[in-house]
Amino acid sequence: MHNQTQLQSVRLGIALRQACFQEPYNLTRLGRDLVAGVTVGIIAIPLAMALAIASGVAPQHGLYTAIIAGIAIAVTGGSRFSISGPTAAFVVILYPVAQQFGLSGLLMATLISGLFLIVMGVGRLGRLIEYIPPSVTLGFTGGIAVVIATLQIKDFLGLSVAEMPETYLGKVEALAQALPSWQWGDTLTGVVTLAVLLLWPRLKLPVPGHLPAVLIGVGLGYGLHLAGVDVATIGSKFHYTLADGTQGSGIPPIAPELILPWALPGPDGQPVAWSLTTLQRLLPAAFSMAMLGAIESLLCAVVLDGMTGRKHSSNAELVGQGIGNVLSPFFGGITATAAIARSAANVRAGATSPISGIVHALVVLAAILVLAPWLSWLPLSAMAALLLVVAWNMSEAHKAVELIRRAPRSDVVVLLVCLLLTVIFDMVIAITFGVILASLLFMREVARMTRLHNMAEDRRHAHKVSAGTLLYKINGPLFFAAAERVFGELLGKVEGHDVLVLQMESVTVLDAGGLSAFLQFEQALAQRGVALRVAELQFQPLKTLARAKVHPRPDRLAFYPTVEEALAELMVR
């Protein structure tokens, strides 16, 4: 399928159909997808649990997300290599929602965000990512990374914090006040896990570092437990009660079950009183989830396109992400999107189709059913160490440093503003303000590019310009930000002249603001007794003048195909 057609397509499951039905799919490709799916599934298990904990819910909800959304998006989406599930970027949005509305509110916000994503896809907004400057993207991802890293300090050091404030500065203050309560056992486990994660890539082994790091953390935590040193684990913090009344610690060893998100308890353990007002309070968070999910999934698809040479269907990917986020809450799953790191690992492991994404989800399901008792021994500090590395990787600090060193000052300002706004307020404010600021700075730069050139100084025109005549060329677009300045400069030059000839071959755009400035300029010239001759208009400015019914006026305004004809008529006169 042609790339432009792919970008506009909203056909469900287009990636799966192309990879497995329109192309030959044999046992060799199936084997590669199985290996890739198992590899990514192993990576996803600890990450899904850690991200659920960081989002303020029990770890099994992250696993449920990887299973349900992972399968649904792989089957219905538009990118054949994307691996979807919980991601670190959502933590800063999900955590406050979980604190304020509980699990029920979080799942409802996820469902609404899925509907937003479907509307975006059907509305063919798949090229949305192209209109967000890199400075904005790096700014808000860097800000998210700072917030995620800050939230991990509590579990990494084993601090006792009764309730984490909503604001970032409040979180920092609460953590600072809780520092005397640090536990050396949790800290040691976190530091060792973090060291393994950082040093493992130097061994250049095919096994990803997440698994050995977590296993070493579990071993160290268990050893400390036998020595009488308490280390907080998933089993010690989280508990569950099954439908038959069975109680346990850690995560329940059962597959995701169908539930009604609105029937689950709120933060106080009581059912949420759902009303139109409550849903309205959730809408900003749901919209934030949808926007972030769209940005991250499309960014991921673009990265994978560069790695594989394949092209994704952006609109179909948005619809698939929306379907995954609508279905996920009905099985206890939280917000999901394409995960860049897991998707890249999927490609490097040899994946050829969305089948690997389905296999990855089945591996996570097998882990719940078989490994649940052992997963409860995962230390919370080891999970925090894992998320510290994730936060560092998602910050893309090397790209931010490179942008600060080489990019124009305006881009640096946008990056820093977006980063600070994300940390202090939230992502939606950061992106909105960042895009507006970037647009204004861009318009300022473009406006500065529109300049005047005195063509009478050129040898080929100098002898044709008679006394009392000015000949100027406008280079650049005449829109509201540039037209007033350019025409103002020209008005300062017409004193003592009878005719102004404007060559407008290089004027590609004349917008409403430019048209208004042009008409005011023409009127000001008439009041000064200066005739205006316009030559070599391009199609768009000519069309704009025609729609505004701007006609030639004797001895006041005239239009010519070329500068030579305009000057020749003046010489005849």
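Structure first, text after, so check above.
Given the structure is predicted, the values throughout are model-derived calculations rather than measurements.

Colleague: Summarise the layout of surface pockets; cite the residues concerned and give the values.
Modeller: Taken as a whole, the second largest pocket holds about 820 Å³ of empty space. Along its surface, the second largest pocket is lined by 28 residues, and A58, Q60, H61, L103 and H239 are the ones closest to its centre. Put simply, the parts of the chain that give the lining of the second largest pocket at least two residues each are α4 (60-76), α5 (91-122) and β2 (239-241). With four residues, α5 is the largest single contributor of residues to the lining of the second largest pocket.

Colleague: How would you sum up helix α13 (residues 340-348)? Please name residues and give values.
Modeller: Those residues of α13 that sit buried are R342, S343, A344, A345, N346 and V347. Those residues of α13 that are buried are in contact with α3 (27-54), β1 (84-85), α11 (276-308) and α14 (355-375). Of the residues one or two after α13, G350 is the one with positive phi, at around 105 degrees.

Colleague: With reference to specific residues and values, describe the side chain of T87.
Modeller: Position of T87 among the secondary structure elements: in the loop between β1 and α5. For T87, a relative accessible area of 4% corresponds to the buried category. Those residues in contact with T87 that sit more than four places away from it in its chain are L51, E296, T337, A338, A339 and R342.

Colleague: An account of the sheet that holds strand β8 (residues 531-535) is needed here, citing residue identities and associated values.
Modeller: Strand pairing within a sheet occurs via backbone hydrogen bonds; the two strands may be parallel or antiparallel. As summarised here, the arrangement of the five strands in space is β5-β6-β7-β8-β9, forming an open sheet in which the pairing is mixed. Looking at the sheet topology across the chains shown, the edges are occupied by β5 (451-454) and β9 (557-560). Sheet twist, expressed as the average angle between the axes of neighbouring strands with direction ignored, equals 25 degrees. Two strands pair when backbone bridges link them, and strand β6 (residues 469-475) and strand β7 (residues 499-506) are joined in this way by six bridges, in the parallel orientation. Within β7, the position partnered with T469 by the bridge is V499.

Colleague: Before we move on, could you go through empty space enclosed by the protein and cite the residues and values that matter?
Modeller: For the coordinates displayed, the defined rule picks out two cavities of 30 Å³ or more. In this model, the largest cavity occupies a volume close to 70 Å³. Around the largest cavity sit A15, Q18, G78, S79, R80, F81, L304, D305, R310, K311 and H312, which together line it. The set of elements that each furnish at least two residues to the lining of the largest cavity consists of α2 (14-22) and α11. Among the residues forming the lining of the largest cavity, the class breakdown is three nonpolar, four polar and four charged. As for the second largest cavity, its lining consists of Y95, P96, Q99, M164, P165, E166 and K171.

Colleague: Provide a residue-level description of a nonpolar patch on the surface, including the pertinent values.
Modeller: A cluster of nonpolar residues, V38, I42, V207, L211 and L215, forms a patch on the protein surface that exposes about 370 Å² of accessible area. For the nonpolar patch, the secondary structure elements donating two or more residues are α3 and α9 (210-226). Its place among the elements puts I42 in helix α3.

Colleague: So, unusual backbone geometry: which residues are in play, and what are the values?
Modeller: Trans peptide bonds make up the majority, and among non-glycine residues the majority have a negative phi. In this structure, E396 is a non-glycine residue whose phi angle is positive, near 45 degrees. The residue E396 is located in the loop between α15 (380-395) and α16 (397-406) in this model. The residue D555 is not glycine, and still its phi comes out positive at about 60 degrees. With respect to the element layout, D555 can be found in the loop between α22 (539-547) and β9. For D555, a relative accessible area of 63% gives the class exposed.

Reading the values: rules and limits
- Residues numbered from 1 in each chain as written.
- Predicted model: local features only at pLDDT ≥ 70, side-chain atom pairs only at ≥ 80, totals over all residues.
- Heavy atoms only, no water.
- 1 Å grid on protein atoms, 1.4 Å probe; cavity = no way out; pocket = protein on both sides within 12 Å on 5 of 7 lines; lining within 4 Å.
- Points joined across faces, edges and corners; volume = space filled by probe spheres on them.
- Helix = DSSP H or I, 4+ residues; strand = E, 2+ residues; numbered from the N terminus.
- Buried < 20%, exposed > 50% of the residue type's maximum accessible area, 1.4 Å probe, protein only.
- Contact = heavy atoms within 4.5 Å.
- Pairing = 2+ DSSP bridges.
- Axes fitted to C-alpha atoms, helices over the stretch in contact; angles between N-to-C directions.
- Nonpolar A, V, L, I, M, F, W, Y, C, P; charged D, E, K, R; others polar.
- Patch = residues over 30% accessible without salt bridge, like charges linked within 9 Å, V, L, I, M, F, W, Y side chains within 5 Å.
- Areas by Shrake-Rupley, 256 points an atom, 1.4 Å probe, with all protein chains shown as cover.
- Salt bridge = Lys/Arg side-chain N within 4 Å of Asp/Glu carboxyl O.

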